[in-house]
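Remarks on the overall topology
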Amino acid sequence: MTAIDFLGAGEILGAMITPALLISASGTLSLSTANRLGRVVDRIRALTEVAEGLPDGVVSDDVVAKRALIADQIRWHTQRLTLLQSTIVTLYTAIGLLVGASLTVGLSASTKWALGWIPVAFGLSGACALLVAAVRLIRESRLAVRGAQVELSYVAKVVARKTTVPVPIMDKPEGGQGEG
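Presented here is an overview of the structure given in this document. (Residues numbered from 1 in each chain as written. Predicted model: local features only at pLDDT ≥ 70, side-chain atom pairs only at ≥ 80, totals over all residues. Heavy atoms only, no water.)

1. Points about the overall build of the chain
In terms of regular secondary structure, the chain is built from three helices and zero strands. Secondary structure of the chain in N-to-C order comes out as α-α-α. In the chain, which comprises 180 residues, the share counted as buried stands at 25%. A fraction of 78% describes how many contacts in the chain between residues 6 or more apart in sequence connect residues 24 or more apart. Of the roughly 11,400 Å² of accessible surface on the chain, 68% is carried by carbon and sulfur atoms. (Helix = DSSP H or I, 4+ residues; strand = E, 2+ residues; numbered from the N terminus. Buried < 20%, exposed > 50% of the residue type's maximum accessible area, 1.4 Å probe, protein only. Contact = heavy atoms within 4.5 Å. Areas by Shrake-Rupley, 256 points an atom, 1.4 Å probe, with all protein chains shown as cover.)

Put into structure tokens, the structure is as follows:
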């Protein structure tokens, strides 16, 4: 093997490893997304138990408010569940495309095919899928925060109703962290 061939092999390996870094990032996001999905499912099950424990036919303000909260939370969690499911599929697709990029770099170089556009197409498609997944995760995070804010508002009202000391109810958390 000549020095020139060795340098060519190094470039090929470098080109094959580059998608591996994105594969690692996709894997980490997949694990995080699967955990988020599991937490949403657990929360839906907990809401189901609370809903089943509410008395039938009772129209007191407390029960009506609790039913409204549960219905609202189910709506938020349904949106999150759908978004997380499509996001995890997108992440798995990104992983497959990036693996395809890595493999086709090696195949293209080892067989001397003049099809260098194939690994590029796989790599760009995988990176685009990763971008789409990231945008979906941002949307899901915003839904999670909105749902939590609705629930916190309900809890603050319950505490205020059940105590004799007034509790201040804020629309947004301090520090400018709320959405505009």
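2. Let's talk about the packing of helix 2 (residues 61-111) against helix 3 (residues 117-162)
It is at 8 Å that the axes of helix 2 and helix 3 come closest, and there the two elements cross at 165°. In terms of orientation, helix 2 and helix 3 fall into the roughly antiparallel class. In the crossing of helix 2 with helix 3, the sense of the turn from one axis to the other is left-handed. By residue class, the composition of the contact of helix 2 with helix 3 is 24 nonpolar, 11 polar and 11 charged. (Axes fitted to C-alpha atoms, helices over the stretch in contact; angles between N-to-C directions. Parallel < 35°, antiparallel > 145°, perpendicular 65-115°, else oblique. Left-handed = near helix turned anticlockwise from the far one by under 90°. Nonpolar A, V, L, I, M, F, W, Y, C, P; charged D, E, K, R; others polar.)

3. Observations regarding the nonpolar core
Counting five residues, the largest nonpolar core is built from L91, A94, A129, L130 and A133. Looking at this core, the elements with two or more residues in it are helix 2 and helix 3. The residues touching L130, leaving out its near neighbours within four places in the chain, are L22, S26, L29, L91 and A94. (Core = buried A, V, L, I, M, F, W, Y, C linked by side-chain atoms within 4.5 Å.)

4. As for a nonpolar patch on the surface
On the surface, a nonpolar cluster with roughly 450 Å² of combined accessible area is contributed by L107, W113, L115 and W117. With respect to the secondary-structure elements, W113 resides in the loop between helix 2 and helix 3. (Patch = residues over 30% accessible without salt bridge, like charges linked within 9 Å, V, L, I, M, F, W, Y side chains within 5 Å. Salt bridge = Lys/Arg side-chain N within 4 Å of Asp/Glu carboxyl O.)

5. Description of the environment of I70
Mapped onto the elements of the fold, I70 is located in helix 2. Residues contacting I70, with those up to four places away along its chain left out, are L47, V50, A51 and L54.

6. Details of the pattern of salt bridges
Under the definition given, this model contains five salt bridges. E140 is paired through a salt bridge with R36; the nearest N and O atoms lie 2.4 Å apart. Of the two residues, E140 is situated in helix 3 and R36 in helix 1 (residues 3-53); the sequence distance between them amounts to 104 residues. The same class applies to E140 as to R36, namely buried. Two residues, D72 and R75, come together in a salt bridge whose shortest N-O distance is 2.7 Å. Residue D72 and its partner R75 are both found in helix 2; the two are separated by three residues, about one turn of the helix. Owing to a relative accessible area of 41%, R75 belongs among the partly exposed residues under this scheme.

7. What to know about the environment of S108
One can find S108 in helix 2. Once the C-alpha coordinates of S108 and P119 are considered, the two residues, 11 residues apart in sequence, prove to be 8.1 Å apart. Leave out the neighbours within four places in its chain, and S108 touches W113, L115 and G116.

8. Some thoughts on helix 2
Over its 51 residues, helix 2 extends 74 Å from the first C-alpha to the last, a length consistent with the 75 Å expected when each residue adds 1.5 Å. Backbone geometry just downstream of helix 2 places K112 in the positive-phi region, at approximately 60°. (Expected span 1.5 Å × (residues − 1).)

9. A few points about the environment of L98
Of note, L98 is situated in helix 2. Considered as a pair, L98 and P119 are 21 residues apart in the sequence and their alpha carbons are 8.8 Å apart. In this structure L98 touches P19, L22, I23, S26, G123, G126 and A127, once residues within four positions along its chain are discounted.

10. Notes on the side chain of R36
What makes R36 buried here is its relative accessible area of 14%. Within polar-contact distance, the side chain of R36 engages the side chain of E140 at 2.4 Å. For R36, the contacting residues outside a window of four places in its chain are L84, L137, E140 and S141. (Polar contact = N/O pair within 3.5 Å; in protein donor to acceptor, adjacent residues only side chain to side chain.)

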